[in-house]
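Geometric and topological summary
Residues per chain, in single letters:
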Amino acid sequence: MKDSSGKKDKKKRFSVKFCPKCGSTDVYWAQGMPQFWSLWECRNCGYRGPVILEDGNLATKLQEDWKNKQKQK
Ligand SMILES: [Zn+2]
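Residues numbered from 1 in each chain as written. Predicted model: local features only at pLDDT ≥ 70, side-chain atom pairs only at ≥ 80, totals over all residues.

Here we look at the overall build of the protein chain
Applicable threshold: Numbering of helices and strands starts at the N terminus; helices are DSSP runs of H or I of at least 4 residues and strands are runs of E of at least 2. Neighbour counting defines burial: a residue surrounded by 20 or more other C-beta atoms within 10 Å of its own C-beta is buried, one with 12 or fewer is exposed, and intermediate counts give partly exposed, using backbone-placed C-beta atoms. What counts as a contact is two residues whose backbone-derived C-beta atoms lie within 7 Å of each other.
What the protein chain contains, in helices and strands, is 1 helix and 3 strands. The order of helices and strands in the protein chain, counted from the N terminus, is β-β-β-α. Within the protein chain, the fraction of its 73 residues that count as buried is 12%. Counted over contacts in the protein chain with a minimum sequence separation of 6, partners at least 24 positions apart contribute 43%.

As for the sheet that holds strand E3 (residues 48-49)
Counted only if it meets this: Strands are labelled as partners when DSSP assigns at least two bridges between them.
Strand order in the open sheet made by the 3 strands is E1-E2-E3, with antiparallel pairing throughout. The sheet is open, and its two borders are formed by strand E1 (27-29) and E3, each paired with just one other strand.

Considerations on helix H1 (residues 56-72)
Here is the rule: One fewer than the residue count of a helix, multiplied by 1.5 Å, yields its expected span.
With 17 residues, H1 should cover 24 Å at 1.5 Å per step; its first-to-last C-alpha distance of 24 Å lies within 8% of that length. Of all 17 residues that make up H1, 1 are buried, and the element is exposed over most of its length.

Observations regarding the nonpolar core
Stated formally: Put simply, a nonpolar core is a cluster of buried Ala, Val, Leu, Ile, Met, Phe, Trp, Tyr and Cys residues tied together by C-beta atoms within 7 Å.
Counting 8 residues, the largest nonpolar core consists of Phe18, Cys19, Cys22, Val27, Trp40, Cys42, Leu53 and Ala59. Ignoring sequence-local partners within four residues, the contact set of Val27 consists of Lys17, Phe18, Cys19, Trp40, Glu41, Cys42 and Ile52.

With respect to the environment of Cys45
Its location among the elements puts Cys45 in the loop between strand E2 (40-42) and E3. Its 16 C-beta neighbours within 10 Å are what place Cys45 among the partly exposed residues. In the structure, Cys45 is positioned 18 residues away from Val27 in sequence and 9.6 Å away in space, judged by C-alpha atoms. In this structure Cys45 touches Cys19, Lys21, Cys22 and Ser24, once residues within four positions along its chain are discounted.

Regarding the environment of Lys17
Summarising the element assignment, Lys17 is placed in the segment before E1. Since 17 C-beta atoms lie within 10 Å of it, Lys17 is described here as partly exposed. For the pair Lys17 and Leu53, spaced 36 residues apart in sequence, the C-alpha separation works out to 5.6 Å. Once you skip the residues sitting within four places of it in the chain, Lys17 turns out to touch Thr25, Val27, Ile52, Leu53 and Glu54.

With respect to the environment of Glu64
Turning to its location among the elements, Glu64 is positioned in helix H1. Taking the number of C-beta atoms within 10 Å as the measure of exposure, Glu64 has 11 and is therefore exposed. Between the C-alpha atom of Glu64 and that of Gly23, which follows or precedes it by 41 residues, the distance is 8.4 Å.

Rendered as structure tokens:
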């Protein structure tokens, strides 16, 4: 008999990623490009870069900024 005691199932914390430009969560890891081994891409604003946000508060601010920018257009 196998004993599966000891380790409790840890809840996997899903870390949300945000675009540093527009605050959108519609970002994905752009892999498959050897020259850009760490590149994120945003489907919302087209941002491409190695920087990604994981701070929800900051992302909310960015989203507001982004919306304002879109309105001014
Ligand atoms: Zn974006």
